Amino acid sequence: MELTEDFLNKYMPQTMAALPQAAWEETKINGKMYMVPRNTAAIFPDVGPVINVDIAKKYGFDQDAIKTYDDFENFLLTVADNEPGVFAFYASGSNTLYSLALTEKNNLINNQASDYVFYSQLSDPTFQNAFFLYDSEMYKEYALRMARYAAAKVWPSDAITNSNTTSALFRNGQSASCAQNYYNGIVSIDSFRASGINAYLLDIFPEGYRPLRDSYIGDGMAIPAFSKIPERAAVALDFIKNDFETYMLLAGGIEGRHYVYDKETNTVGPGPETGDYEFDGWAWGIRHQDFPWPKTDDPYINAVNEKLQEIQVKDEEWPFWGFTFDYAPVSAEWAVLSALVNEYGTSFSLGQFGSATEQTYGEFVGKLREGGLDKYMEEWTRQRDAFLEK
């Protein structure tokens, strides 16, 4: 159902008051709104590596010695070369080092305007030069690096068929590392430690790294066009998104049983029955604007979260909120490009092409260009420039 400002002001006044105009701009498709953004975009999507400290210390890598991605790479290769029965990073088709070794190592920023177009904060602090990720020197370098990892047996040769998460394999002692985000990383860290794994979440962001806040449109809510009473649907959504007591009940269950709330710090910790109702396990689309963060007494994780908040790219520095790429003018080209990325991407991330990686990457880029990459980027740039001129 299309949402008009008059409808929202009448039936969702609390949500309208809670959200900045930029949040609504992000939702628009051809100038129209069809979804209600979530009430906050405070969470950072950034992740860091988690290491098994007991394994790391055997080879001189305590947690304070791994400060950069290159340090982490040295840890991976050392473990792969020396630790029997454990893979350094037990990857899978859906759990690779893409975030750590490519996007965060190069501080690549993408605001969902197009899946494959990025800016690099490290080399382009004013966000002038957008580029198609898969046709770039940094992606080629990444593919070659992953091929070296595969050859060194950082992960098993059949990783692409692995159906287990790297986190689960880390918890089972089969992987010496995994990756977790900082927002609720303490939940995973505590579960690893409860399983007997001496786990530590690291900060290896490069010098000059700056995160972009999350988007308001993630986990947005919509009212179906066939709703019989859309006005009541809007009122109900407005209430559960903005009444804190109701939100906490839906998001966390019963206080004191499923979670423990610290009002002073606005944080939540596990209750005695937390396994029956995971806090924030599903209710992302109805988060209250003052939703609580997971409680952590880990000074390292606290410090990283504070740092990420301090160095975040400010809204006034990022001019692209609300820019959504319209694929229609290049739908044929997009179909080819996305199919090629899906065909090759995971294999590059797992080093499946081995010594033929460079040659295969060249063939891949050639197919991208034959499939209309130049036309696609011309249209993307045209739409981006038109958006900025508004």
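Remember, predicted model here, so these are calculated numbers, not experimental data.

Q: Is there a simple way to think about the overall build of the chain in this case?
A: Across its full length, the chain carries 15 helices and nine strands. The C-alpha radius of gyration computed for the chain amounts to 23 Å, which stays within 12% of the reference 21 Å derived for 390 residues, consistent with globular compactness. Dimensions along the principal axes, computed over C-alpha positions, put the chain at roughly 65 × 55 × 35 Å. Considering only residue pairs separated by 6 or more positions, the chain has 74% of its internal contacts joining residues 24 or more positions apart. Of the accessible surface of the chain, which amounts to about 18300 Å², a share of 50% is contributed by carbon and sulfur atoms. Treating the 31 positive side-chain charges of the chain as one cloud and the 56 negative ones as another, the clouds have centres 2 Å apart.

Q: Help me out: how do you make sense of the packing of aromatic side chains in this one?
A: Where two aromatic rings form a pair, the distance of their centres and the angle of their planes describe that pair. Inspection of every chain in the model, using the stated rule, returns 46 aromatic pairs. For the ring pair phenylalanine 61 and phenylalanine 75, a centre distance of 5.8 Å and an interplane angle of 80° mean the geometry is edge-to-face. Here phenylalanine 61, found in the loop between helix H4 (53–58) and helix H5 (69–82), pairs with phenylalanine 75, found in helix H5; they are 14 residues apart in sequence, far enough to count as distant. Here phenylalanine 61 matches phenylalanine 75 in class, with each residue buried. Seen from the ring of phenylalanine 291, arginine 287 lies directly overhead, with NZ or CZ sitting 5.1 Å from the centre.

Q: Help me understand the environment of tyrosine 376 in this model?
A: Looking at the element boundaries, tyrosine 376 is found in helix H15 (residues 373–389). For tyrosine 376, a relative accessible area of 0% gives the class buried. Sequence-wise, tyrosine 376 and proline 329 are 47 residues apart; in three dimensions their C-alpha atoms are separated by 8.8 Å. Sequence-distant contacts of tyrosine 376, that is, excluding residues within four places in its chain, are made with Ser114, Val117, Phe132, Phe325, Tyr327, Val330, Trp334 and Leu337.

Q: Whenever I open this one, the nonpolar core confuses me. Can you help?
A: Generally speaking, a soluble globular protein has its nonpolar side chains buried in company with each other. Residues Phe72, Phe75, Leu97, Trp155 and Tyr376 are the most contacted members of the largest nonpolar core, which totals 68 residues. The next biggest cluster of nonpolar side chains, apart from the first, holds 27 residues, and it includes Met12, Met33, Val36 and Ile43.

Q: Help me understand the pattern of salt bridges, please; the structure alone is not making it clear to me.
A: For the structure shown, the criterion picks out 20 salt bridges. Lysine 307 serves as the salt-bridge partner of aspartate 203, at 2.6 Å between the closest nitrogen and oxygen. Of this pair, aspartate 203 sits in the loop between strand E6 (199–201) and helix H10 (230–242) while lysine 307 sits in helix H12 (residues 299–311), and the two are 104 residues apart along the sequence. Arginine 210 is paired through a salt bridge with glutamate 317; the nearest N and O atoms lie 2.8 Å apart.

Q: What should I look at first to understand the sheet that holds strand E4 (residues 131–132) in this one?
A: Pairing between the strands of a sheet is mediated by backbone hydrogen bonds and can be parallel or antiparallel. One open sheet accounts for three strands, arranged E2-E3-E4; its pairing is antiparallel. The open sheet is flanked by strand E2 (108–109) and E4, the only strands paired with a single partner. For strand E3 (residues 117–120) and E4, the ladder comprises two bridges, and the chain directions are antiparallel. Paired with phenylalanine 118 across the strands is phenylalanine 131, a residue of E4. Where H15 meets the sheet, it contacts E3 and E4, and its direction lies at approximately 65° from that of E3.

Q: Could you clarify how one ought to interpret the environment of serine 99 in this entry?
A: Within the secondary structure, serine 99 is located in helix H6 (residues 98–104). For serine 99 and alanine 236, which are 137 residues apart along the polypeptide, the C-alpha to C-alpha distance reads 37 Å.

Reading guide: rules and limits
Residues numbered from 1 in each chain as written. Predicted model: local features only at pLDDT ≥ 70, side-chain atom pairs only at ≥ 80, totals over all residues. Heavy atoms only, no water. Helix = DSSP H or I, 4+ residues; strand = E, 2+ residues; numbered from the N terminus. Rg over C-alpha atoms; globule rule 2.2 N^0.38 Å. Contact = heavy atoms within 4.5 Å. Areas by Shrake-Rupley, 256 points an atom, 1.4 Å probe, with all protein chains shown as cover. Lys, Arg positive; Asp, Glu negative; His and termini not counted. Charge placed at Lys NZ, Arg CZ, Asp CG, Glu CD. Phe/Tyr/Trp six-rings, centres within 6.5 Å; stacked < 30°, edge-to-face > 60°. Buried < 20%, exposed > 50% of the residue type's maximum accessible area, 1.4 Å probe, protein only. Lys NZ or Arg CZ within 6 Å of the ring centre and 35° of its normal. Core = buried A, V, L, I, M, F, W, Y, C linked by side-chain atoms within 4.5 Å. Salt bridge = Lys/Arg side-chain N within 4 Å of Asp/Glu carboxyl O. Pairing = 2+ DSSP bridges. Axes fitted to C-alpha atoms, helices over the stretch in contact; angles between N-to-C directions.

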